[in-house]
Amino acid sequence: IKDGSFQYPTDDEGKPVTEVSEFCFDEDGENGNHTIVTLYIPKTVREIRPFMIIGDGSLYCNMLSLKEIKVDENSPYYVSVDGVLFSGDKTQLIYYPNVKPDTSYTVPTYVRKIDCITFTAQKTLKALKFGSSYESIGYGSMSGLSNLEEADYPVYPKPSRDAQLFSFCKSLKKVYCSRDVSWMNETDFYGSPDVTLYVYNDSYALAWAKEHNKPYVIIEEEPTEPTAPTAPTVPNRANRPDRTNSS
């Protein structure tokens, strides 16, 4: 680690480095992972696990000072967009740095999957929005965002395991749920005591809020403009059949 930057080696004793274990970022004292500000990923690395499993089975990343991730532009496996890590085809959002300076973020519409711990323990975001629906969202992907104040609830199908979204987000006040939300987890918002759900009448989110005794506010439907009546079509007189009696 030099000046807050860390780059994975491209080779180890003449062999290319292709995989990085989660224990690469285990605890190692004051001069270790907590000091990494910029992470560089070479083109040889095809698998990264930037988290570790701690005693209670939860996931945790030790790069607590990370502001940006950079990827070799020739890498087929990963890509960085504005310092955020994605899969090479950009369909999977892998990791959003812990202290990236921006205070709001909208997940791009090309993302189909959100990985485990993608936003976990993020310290700077105050607003989090989602651009589309998703095929899957990983466990604990949105937990412990210490300064998050408002967020959209993502649209995704029922997972095989409770995803526990927005847990331990102690500053979170407002969560907006669209009519498209069709699944919410039993353990969502655990340890986030001040959350109010903004929901629509006759929606899944409203039923969930009532069942789980969560505060909610009904979102008023925006009035739609009436469609102007279409004027009847007048036949072209020139094309009318001649009904005159020729006799």
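Within any chain, residue numbers begin from 1 and follow the written order of that chain's sequence. In keeping with the model being predicted, local features are shown solely for residues with a pLDDT of at least 70 and side-chain atom pairs are shown and tallied solely at 80 or more, while totals for entire chains, interfaces and linings include all residues. The basis for every side-chain value is the complete set of non-hydrogen atoms in the structure, without hydrogens or water.

### Brief notes about the pattern of salt bridges
Here the idea is simple: oppositely charged side chains can pair when their charged atoms come close. Note the following rule: Salt bridge criterion: a side-chain nitrogen from Lys or Arg within 4 Å of a carboxyl oxygen from Asp or Glu. A simple rule labels every residue: compare its accessible area, found with a 1.4 Å probe on the protein chains alone, to the largest value its type can have, and call it buried under 20%, exposed over 50%, or partly exposed in between.
Per the counting criterion, the structure on display carries two salt bridges. Lys70 serves as the salt-bridge partner of Glu68, at 3.9 Å between the closest nitrogen and oxygen. Lys70 sits in the partly exposed class, given a relative accessible area of 35%. Lys100 serves as the salt-bridge partner of Asp102, at 2.4 Å between the closest nitrogen and oxygen. The exposure class assigned to Asp102 is partly exposed, which follows from its relative accessible area of 35%.

### Let's talk about the sheet that holds strand β19 (residues 196-199)
To keep it simple, the criterion reads: Note: two strands are recorded as paired if DSSP finds a minimum of 2 bridges between them. Strands are runs of DSSP state E lasting at least two residues, helices are runs of H or I lasting at least four, and both sets are numbered from the N terminus onward. For helices, the fitted axis covers only the stretch in contact; all axes are lines through C-alpha atoms, and the angles between them, taken along N-to-C directions, range from 0 to 180 degrees.
With parallel pairing, the six strands of this open sheet are ordered in space as β13-β15-β17-β18-β19-β20. Since the sheet does not close on itself, it has two edges, and those belong to β13 (104-107) and β20 (216-218), each with one partner. Across the sheet, the mean angle from the axis of one strand to that of its neighbour is 15°, orientation sign disregarded.

### Regarding the confidence of the model for the protein
Counted only if it meets this: Across the chain, each position has a pLDDT score giving the predictor's confidence in that residue, from 0 to 100. In what follows, residue pairs with any heavy atoms lying within 4.5 Å of each other are defined as contacts.
Per-residue pLDDT for the protein has a mean of 81; in total, 73% of the residues score no lower than 70. Taken together, the stretch residues 52-59 has pLDDT below 50 and engages in 14 contacts with residues farther than four places along the chain or on a different chain.

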